[in-house]
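As a plain string of letters, each chain reads:
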Amino acid sequence: MSIEQFSVRGRLADTGEGITGDELQLAARNHGIPLEALRYDVTPAGLHYVLVHYDIPAGNAATWRLEVDGCVEQPMSFGLTELRAMGRRTVRVTLECAGNGRASLHPRPISQPWLNEAVGTAEWTGVLLSDLLHNAGIRKDAVDVVFTGADHGIERGVEQDYQRGLSLGEAMESGAIVAWEMNGDPLPPQHGYPLRLVVPGWYGMASVKWLRSIELIDHEFDGFQNAVAYRMRQEADELGTAITKIAPRALLIPPGFPDFMSRHRFVAAGTVVLEGKAWSGWAPIERVEVSTDAGVTWHPAKLDATGNDELAWRSFTYDWDATPGEHVLTVRAVDGSGREQPVEAPWNRGGFANNSAQRITVLVS
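A few points on the structure.

So, how was this worked out
Residues numbered from 1 in each chain as written. Predicted model: local features only at pLDDT ≥ 70, side-chain atom pairs only at ≥ 80, totals over all residues. Heavy atoms only, no water. Patch = residues over 30% accessible without salt bridge, like charges linked within 9 Å, V, L, I, M, F, W, Y side chains within 5 Å. Areas by Shrake-Rupley, 256 points an atom, 1.4 Å probe, with all protein chains shown as cover. Salt bridge = Lys/Arg side-chain N within 4 Å of Asp/Glu carboxyl O. Helix = DSSP H or I, 4+ residues; strand = E, 2+ residues; numbered from the N terminus. Pairing = 2+ DSSP bridges. Buried < 20%, exposed > 50% of the residue type's maximum accessible area, 1.4 Å probe, protein only. Lys, Arg positive; Asp, Glu negative; His and termini not counted. Polar contact = N/O pair within 3.5 Å; in protein donor to acceptor, adjacent residues only side chain to side chain. Contact = heavy atoms within 4.5 Å.

**Side note on a nonpolar patch on the surface**
Moving on, step 1. Together, Phe257, Phe266 and Leu363 make up a nonpolar patch on the protein surface, roughly 280 Å² of accessible area in all.
Moving on, step 2. Position of Leu363 among the secondary structure elements: in strand E22 (residues 359-364).

Following this line, the structure appears as structure tokens:
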């Protein structure tokens, strides 16, 4: 049997097909944030969402090297001691998986079956990527920057290290950092120990974990994770458009208490303070609206004051006069660029950037 036959190809679920064994296996390896953990402005590391493409590689901070080469004046090799000597920058960044919301699409793309929970906000400490590249000296022929992780596997028949590319402009202007700490502690193994890239505002696929090399190249990067994966397509054979920055999204902390299986909520009648977080990779959040009648009517939420973390999520609250009966809560966000979260996002074959509005069924008694 060849690699192509042994490696699972991408497909859409058949009509009525439930979650497959492969999807269940992925869901057991990866995990989203429990929505009640949206109460934290900074997500504890163990509650932050995790998506690992292949295996978590073994890492040793004492011996790890980061190579910077290609279209540079002086190829360089850094250990963590040398990187720390360049200074420390801490940024608060909301990361979201590009496949968040995939499981609710019809037909459903067969892959990691995310609902709404593939998100988290952490404080990442490291050195600015732009400083690293300036140190090596950027040649005039540099076009793209390729980031290679230590995780290795096969995807749709293609054996590969996990690699992502950014244009030189994106790499220099995004505020990306090469990080060795998460929330003040060394990176956990599942979050890229001992070294990872963090690209603020971009979906998580750009923030390469277990980072071992940065290469500047004189052409557009055409590796699998840029040219094949993470593209918006309607049909399997079209080129599609690249997934880049995070589309606006708001999530409510589910109120009251849950049913074990359905996660439907139970709430006492009276004033209920609804709380949540909203974010966008394009611009700071400017407005959040809440509906308690499945989107028939909408009401403005109160936004917390903005801080210096423009690409981290923003808290909001709404005072709901909860009356007896069944209600469906939903919420939507608008950012400063004018991008508005839709009630229903357009379908795409990969299930990417599906920022359809959250729905929570609540029984008030």
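**Considering the sheet that holds strand E15 (residues 265-267)**
The strands making up a sheet associate through backbone hydrogen bonding, with each pair oriented either parallel or antiparallel.
Moving on, step 1. Strand order in this open sheet of six strands is E14-E15-E22-E21-E17-E18, and the pairing throughout is mixed. If you trace the sheet from one side to the other, it starts and ends with strand E14 (257-258) and strand E18 (299-300), each paired once.
Moving on, step 2. Pairing of E15 with E22 involves three bridges; the strand directions are parallel. In the strand pairing of E22, Arg265 is matched with Val362.

**Regarding the sheet that holds strand E19 (residues 302-303)**
Moving on, step 1. If you trace the four strands from one edge of the open sheet to the other, you get E13-E16-E20-E19, paired in antiparallel fashion. Each edge of the sheet is formed by a strand with only one pairing partner; in this case those strands are strand E13 (249-252) and E19.
Moving on, step 2. Taken together, the four bridges between E13 and strand E16 (residues 270-279) define a ladder with antiparallel strand orientation. Paired with Leu252 across the bridge in E16 is Gly276.

**Details of the pairing of strand E20 (residues 314-322)**
Moving on, step 1. For E16 and E20, the ladder comprises nine bridges, and the chain directions are antiparallel. Within E20, the residue paired with Val273 across the bridge is Asp319.
Moving on, step 2. By the bridge criterion, two bridges tie E19 to E20 in an arrangement that is antiparallel. When the sheet's bridge partners are listed, Leu303 is paired in E20 with Phe316.

**Considering the environment of Trp180**
Moving on, step 1. Considering the arrangement of structural elements, one finds Trp180 in strand E7 (residues 177-182).
Moving on, step 2. C-alpha of Trp180 to C-alpha of Thr125: the two residues are 55 residues apart in sequence and 6.2 Å apart in space.

**Topic: the side chain of Glu155**
Moving on, step 1. The residue Glu155 is located in strand E5 (residues 144-155) in this model.
Moving on, step 2. An unpaired buried charge is present at Glu155: no salt bridge exists, and Arg156, the closest side chain of opposite charge, is 5.1 Å distant.
Moving on, step 3. Side-chain polar atoms of Glu155 contact the side chain of His53, separated by 3.4 Å.
Moving on, step 4. Ignoring anything within four residues of it in the chain, the contact list for Glu155 reads Ser7, His53, Tyr54, Gln160, Phe224 and Gln225.

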